[in-house]
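So the chains spell out like this:
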Amino acid sequence: MTDALLDVRGLKKYFETSHGLLHAVDDVSFSIERGKTLGLVGESGCGKSTTGRAILRLIEPTAGEVLFEGVDVVKLGSGAMRKMRKNMQIIFQDPFSSLDPRKTINQIIAEPIKENRIITDKVALEKRVLELMETVGLAERLINTYPHELDGGRRQRIGIARALAMEPKFIICDEPVSALDVSIQAQILNLLKQLQERLGLTYIFITHDLSVVNHFSDDIAVMYLGQIVEKASAEEHFNNPLHPYTKALLSAIPIPDLRNKRQRITLKGEITSPVNLPDACRFAKRCNECVEQCTKGIPPLKEISKGHFVACFKY
Ligand SMILES: Nc1ncnc2c1ncn2[C@@H]1O[C@H](COP(=O)(O)OP(=O)(O)OP(=O)(O)O)[C@@H](O)[C@H]1O
Ligand SMILES: [Mg+2]
């Protein structure tokens, strides 16, 4: 039996726009085992953040189930959802815009603890803030500084400490290192990895950069225009990519080993609009392996080998 912490089934999020209904997330399903990481990858606008936000109900899903330890989060009333949210946290790409510039580190980290009345005693609260700062590698002397006084890496550490304040079981990391210098990226990734091992955390790791999820994820799901087009273990994903879109994404990763030079695949053709979706494969217009069938129907996500799913008529 698998020990799924999170089981997402048929998740949809449509937005009303002046051009029509925008299918940002369109029937997405996956599950994540406790203590594991699912990497969610794909180009800008494919629906990664919307998937994450709909899971946490920061926006209301249009349809679908989000089972957290067997409880459907989507059906919870506001009181129960408030309690549930302690288990489920998010870390954003740009800690600068997600942190209140008028508040000190102390205030920022203490805020969710105070709001949820977890600790009310002032001395105990400061002790807890210092403990969280230590956990994420922030020096004690920084407690009364403001976000703008710190570099991007330290700001992201505040975001992580704030997420950890509720002792969550599950964290959505939405491009947590994309805005950081490469040298700092590795430090933050290492911190997230250490925290996962120490605290038994389960992650969804969202990124448009496949080279980042490479070492970080147990499983990888590739999204294209609101749908998962391929899902496999990270190892299988890199050694045996099947979907033409995954192959193109992987071919764009620079690899240092010259003997193993990969042919870079350039995607041509126009991107299908998420508003007026055709009754065809959403990737067909850009696919260099497209055949007639691809323009005439929608390929289902099929299990090709154990745990390896792909939505492509070639398989
Ligand atoms: N509030 C909204 N109203 C209307 N459309 C939205 C809204 N939020 C997102 N979208 C649209 O939904 C689609 C998915 O957006 P989303 O932000 O989830 O993509 P993403 O994969 O996270 O992209 P990025 O890599 O740029 O962060 C896009 O077409 C976007 O324009
Ligand atoms: Mg996003």
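In this convention, every chain numbers its residues from 1, walking through the sequence in written order. Written order decides the labels, with chains lettered from A and ligands numbered from 1. The model is predicted, so local features are restricted to residues of pLDDT at least 70 and side-chain atom pairs to those at 80 or more, both for listing and for counting; the totals for chains, interfaces and linings are taken over all residues. Just so you know, side-chain values use all the structure's heavy atoms and leave hydrogens and water out.

Draft legend 1. Here's a closer look at the environment of Arg-286. Relative to the elements of secondary structure, Arg-286 occurs in the loop between α10 (244-251) and β11 (302-305). Through-space distance from the C-alpha of Arg-286 to that of Lys-268 is 5.3 Å; in sequence the pair is 18 residues apart. Any two residues having at least one pair of non-hydrogen atoms within 4.5 Å are treated as being in contact. With residues up to four places along the chain from it excluded, the contact list for Arg-286 reads Glu-43, Tyr-224, Leu-267, Lys-268, Gly-269, Glu-270 and Ile-271. Engagement of the side chain of Arg-286 in a polar contact is seen with the side chain of Glu-43, the distance being 3.0 Å. Secondary structure follows DSSP: runs of H or I at least 4 residues long count as helices, runs of E at least 2 residues long count as strands, and numbering of each begins at the N terminus. Under the rule applied, a polar contact is a pair of N or O atoms within 3.5 Å (in protein, one hydrogen donor and one hydrogen acceptor; residues adjacent in sequence only if both atoms are side-chain atoms).

Draft legend 2. Spotlight on the site of ligand 1. In the neighbourhood of ligand 1, the contacting residues comprise Phe-15, Leu-22, Ala-24, Glu-43, Ser-44, Gly-45, Cys-46, Gly-47, Lys-48, Ser-49, Thr-50 and Glu-175. Here an oxygen atom of ligand 1 sits 3.0 Å away from a polar atom, N or O, in the main chain of Gly-47. Separating an oxygen atom of ligand 1 from a side-chain N or O atom of Thr-50 is a distance of 2.5 Å. Only the protein chains shown count as cover for residues, and all accessible areas are computed by the Shrake-Rupley method using a 1.4 Å probe. Relative to its unbound accessible area of 640 Å², ligand 1 is 62% covered by the protein chains. Residue assignment for the shell around ligand 1 shows that the elements contributing at least two residues are β2 (20-33) and α1 (48-55). If one sorts the elements of the shell around ligand 1 by residue count, α1 sits on top with three residues. Proximity is defined per residue: if any heavy atom of the residue lies within 4 Å of a molecule or strand, that residue is considered near it.

Draft legend 3. Just the layout of surface pockets, in detail. A pocket here means an open set of points on a 1 Å grid, computed over the protein atoms alone, that has protein on both sides within 12 Å along at least five of seven lines. A cavity is instead a set of points where a 1.4 Å probe fits but cannot get out; residues with an atom within 4 Å of a point line either one. Grid points are joined across faces, edges and corners, and a volume is the space filled by probe spheres set on the points. In this structure, the largest pocket spans a volume of roughly 520 Å³. Each residue gets one label: Ala, Val, Leu, Ile, Met, Phe, Trp, Tyr, Cys and Pro are nonpolar, Asp, Glu, Lys and Arg are charged, and the others, such as Gly, are polar. Split into classes, the residues belonging to the lining of the largest pocket amount to 11 nonpolar, five polar and five charged. Looking at the second largest pocket, its volume works out to about 440 Å³. Elements that contribute at least two residues to the lining of the second largest pocket include exactly β1 (4-17), β2, β10 (227-233) and β12 (308-310). Taken together, the residues that form the lining of the second largest pocket break down as six nonpolar, five polar and eight charged.

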